[in-house]
Amino acid sequence: MTTGRVNPGFRLEDQGIKGLGNVYYNLIEAALVEAALKRNEGAQGNGGTLLVSTGEFTGRSPTDKFIVRTESTENEIWWENNAPMDPEAFDRLHQDMLAHMAGGDYFVQDLVAGADPEHSINVRIINDLAWHSLFIRHMLRRPEREDLNSFVAEYTIINCTNFKADPSRHGCNSETVIALNLDEKLILIGNTEYAGENKKSVFGLLNYLLPEKGVMPMHCSANHANDNPTDAAIFFGLSGTGKTTLSADPDRTLLGDDEHGWSDRGTFNFEGGCYAKTINLSAEAEPEIFATCSMFGTVIENMVYDDETRELDFEDSSLTQNMRCAYPLDYIPNASETGMAGHPKNIVMLTCDAFGVLPPIARLTPTQAMYHFLSGFTAKMAGTERGLTEPQTVFSTCFGAPFMPRRPEVYGNLLRDKIARYGSTCWLVNSGWTGGAYGKGSRMPIKATRSLLTAALDGSLSEVEFRKDPNFGFDVPVEAPGVAEVLLDPRRTWENQDDYDIQAAKLVDMFAKNFEQYLPYIDDDLKAVIIG
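Residues numbered from 1 in each chain as written. Predicted model: local features only at pLDDT ≥ 70, side-chain atom pairs only at ≥ 80, totals over all residues. Heavy atoms only, no water.

Caption draft 1: Quick peek at the overall build of the protein. Counting secondary structure elements, the protein contains 13 helices and 29 strands. For the protein, the C-alpha radius of gyration of 23 Å lies close to 24 Å, the compact-globule estimate for 532 residues. When its C-alpha atoms are laid out on the principal axes, the protein stretches across 70 × 55 × 45 Å. Burial status across the protein gives 59% buried among its 532 residues. (Helix = DSSP H or I, 4+ residues; strand = E, 2+ residues; numbered from the N terminus. Rg over C-alpha atoms; globule rule 2.2 N^0.38 Å. Buried < 20%, exposed > 50% of the residue type's maximum accessible area, 1.4 Å probe, protein only.)

Caption draft 2: Examining unusual backbone geometry more closely. Positioned with a positive phi, asparagine 26 is a non-glycine residue whose angle comes to about 55°. Relative to the elements of secondary structure, asparagine 26 occurs in the loop between β2 (23-25) and α1 (29-38). Residue asparagine 26 is classed as buried on the basis of its relative accessible area, which comes to 1%. One non-glycine residue, asparagine 302, lies in the positive phi region at around 60°. Relative to the elements of secondary structure, asparagine 302 occurs in the loop between β18 (299-301) and β19 (324-328). Using a relative accessible area of 2% as the deciding quantity, one classes asparagine 302 as buried.

Caption draft 3: Representation of the packing of aromatic side chains. Within this structure, the stated rule accounts for 21 aromatic pairs. Judged by centre distance (5.0 Å) and plane angle (35°), the rings of phenylalanine 290 and phenylalanine 314 are tilted. Note that phenylalanine 290 is positioned in helix α7 (residues 287-292) and phenylalanine 314 in the loop between β18 and β19, a separation of 24 residues in sequence. Accessibility expressed as a relative area gives 27% for phenylalanine 290, which makes it partly exposed. Under the relative-accessibility criterion, phenylalanine 314 is labelled buried at 10%. With a centroid separation of 5.7 Å and 80° between ring planes, the pair formed by tryptophan 494 and tyrosine 500 is classed as edge-to-face. (Phe/Tyr/Trp six-rings, centres within 6.5 Å; stacked < 30°, edge-to-face > 60°.)

Caption draft 4: Seen up close, the UniProt feature "binding site: Mn(2+)" (unreviewed entry) in the protein. The UniProt feature table records "binding site: Mn(2+)" (unreviewed entry) at Lys200, His219 and Asp258. For the residues just named, distributed over 59 residues, the greatest C-alpha separation is only 10.3 Å, placing them together at one site. Inspection of the secondary structure assignment puts lysine 200 in helix α5 (residues 196-209). Those residues in contact with lysine 200, other than ones at most four positions away along the chain, are Arg60, His219, Asp258, Glu259 and Phe403. Here the side chain of lysine 200 touches histidine 219 through a polar contact of 3.3 Å, side chain to side chain. (UniProt positions renumbered as here; feature names shortened; annotations may be inferred. Contact = heavy atoms within 4.5 Å. Polar contact = N/O pair within 3.5 Å; in protein donor to acceptor, adjacent residues only side chain to side chain.)

Caption draft 5: Layout of the domain arrangement of the protein. In terms of domain boundaries, the protein breaks down into domain 1 (2-41 + 61-213), domain 2 (274-331) and domain 3 (343-531). For domain 1 versus domain 3, the distance between C-alpha centres works out to 35 Å. Contacts between the two partners involve 17 residues from domain 1 and, on the opposite side, 14 residues from domain 3. Across the domain 1/domain 3 interface, buried area totals approximately 1400 Å², and carbon plus sulfur atoms make up 56% of it. The largest per-residue losses of area from domain 1 upon contact with domain 3 belong to Trp78, Asn207 and Pro211, which jointly make up 40% of the total buried on that side. Taken together, the links from domain 1 to domain 3 amount to two salt bridges. Linking arginine 406 and glutamate 212 is a salt bridge whose minimum nitrogen-to-oxygen distance equals 3.2 Å. Within the residue set of the side of domain 1 that touches domain 3, elements represented by two or more residues are β5 (65-68) and α5. (Domains from an automatic or database assignment. Buried area = accessible area lost by both parts, 1.4 Å probe. Salt bridge = Lys/Arg side-chain N within 4 Å of Asp/Glu carboxyl O.)

Caption draft 6: Seen up close, helix α8 (residues 366-375). Of all 10 residues that make up α8, eight are buried, and the element is covered over most of its length. Of all the residues in α8, the buried ones are Gln368, Ala369, Met370, Tyr371, His372, Phe373, Leu374 and Ser375. Glycine 376, located one to two residues past α8, shows a positive phi value of around 60°.

Caption draft 7: Quick look at the nonpolar core. Ranked by size, the top nonpolar core spans 50 residues in total, and within it Ile121, Trp131 and Phe135 carry the most contacts. When residues of this core are assigned to domains, at least three fall in each of domain 1 (2-41 + 61-213) and domain 2 (274-331). In this view, phenylalanine 135 contacts Ala195, Gly196, Lys199, Tyr275, Val299 and Ala326; residues no more than four positions away in its chain are not counted. Counting 46 residues, the second-largest nonpolar core is a separate cluster that includes Ile347, Phe399, Tyr500 and Ile522. (Core = buried A, V, L, I, M, F, W, Y, C linked by side-chain atoms within 4.5 Å.)

Caption draft 8: Expanded view of the pairing of strand β10 (residues 177-181). Burial analysis of β10 places five of its five residues in the buried class, which makes it a mostly covered element. Residues of β10 alternate between two faces, with Val177, Ala179 and Asn181 on one and Ile178 and Leu180 on the opposite face, all of them buried. Bridging between β5 and β10 involves three bridges; their strand directions are parallel. Across the sheet, residue phenylalanine 66 finds its bridge partner in β10, namely alanine 179. The pairing of β10 with strand β11 (residues 186-190) spans five bridges and is classified as antiparallel. Note that in β11 the partner of asparagine 181 across the bridge is leucine 186. What sits between β10 and β11 in their antiparallel hairpin is a turn of four residues, with lysine 185 showing a positive phi close to 55°. (Pairing = 2+ DSSP bridges.)

Caption draft 9: Looking closely at the sheet that holds strand β3 (residues 43-44). Reading across from one edge, β3-β4-β18-β19-β17 is the order of the five strands in this open sheet, with mixed pairing throughout. The outermost strands of the open sheet, each flanked by one partner alone, are β3 and β17 (273-277). Summarising the sheet, β17 and β19 pair through five bridges and their orientation is antiparallel. The residue bridging alanine 276 from the neighbouring strand is cysteine 325, located in β19. Lying on the sheet, helix α3 (residues 130-139) is in contact with β4 (50-52), β17, β18 and β19; it crosses β19 at an angle near 60°. (Axes fitted to C-alpha atoms, helices over the stretch in contact; angles between N-to-C directions.)

Printed below as a string of structure tokens:
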């Protein structure tokens, strides 16, 4: 039986997917919540939220991701970063997954990735869980209902959470698999209930497609000044660095919290929703995001709650530290209706420094910005990947290496050229530790980070005195409004400043060793700013 609105010439049968049970096309939020509850996929939360658990997988599975290696992709993919899969193995995986789907019920969403119609793609997502369908409906951009009558997808994702891959037959590493076939325009996901795999698969796809059009895909959040879309800012960073929190500013209009493009027309959101971490979330520190946790249809993922009152426990990380909420962008009061803005006046690179060495903010030259973009230094936060239980220092190039199909220099050169062309001011912001390393120091106060960002974005920070950092060579403000002066000099925040010097030297050496891999690919200007 078929339910819902769909292009009659583009049903699953037209894609060769036959013999299914019930197929639900493009159900709206209320119907998906109803279906999820009826199927016992979750519980009703306060305000009509949906409370779900992802089971064994509470984060992404980066070692289970593959790109099919074909003649067309052979010289385009960064194979040192992306595991290859043979076309024959993918074909077997595809056929076995279709056989597995026979007789089952599936939920289909026809959605758009990209707010700019010049650079958007149509995507069909097929899920075996109603709540996954609700999740991706929040995450991507929803066409007008009448447009569904003629909707044709360019790419398709099939996600079967209870399909187990066979490594010997399918050329993968485990029973879990995420496989992208660019020639077939098809992504297959199996054996994981972590909903984030749906959205990150689309992001990886756009990271491959857009550079060919001169568009810079970015793992970043973005906002702009109220009533002034030309005063835009972007915030690069891995999960846990503050991308979502810091871009949700009541005094600025939110474009989005995670994935954007930068074209010759300006910046644009890839998505139509937000996927925010909820650990230690509070109404005082993050009121806009906190409010979504009691709004209809918000997916509350892996949070402990009281069975009787359904009250959420934002402090209890016993299920995972990567507990999250997913909601449509318009749940944020000051979200952009268009998802588009001008060229970024300010570029912020967020790092979570678990060493406690970096200052809370530093100003970068364009060349330094490219250096830090390629370096991508941060700490992976607990829970964001399977098995990660405490911060782990990492150099994740482009602040998103897991999602980058092409070589880093492709994205780095795009960023450098756009900064040069549009004159963006660049900042490095440390949302990690101060007063010592992880385990001894404390997290950077979010109020101080917000104050510094406000001053950077309104231009007032550029007017203060700066000093040259002796270890990293960037400019650090000596003072800033609303921020304790001692916080701006990380060495002074340490009880033993000799220990700071040892830790700083260690980090400088790590930067130097990591950047050796790029030396054959960079010019003399960039070599001149290398740290260490």
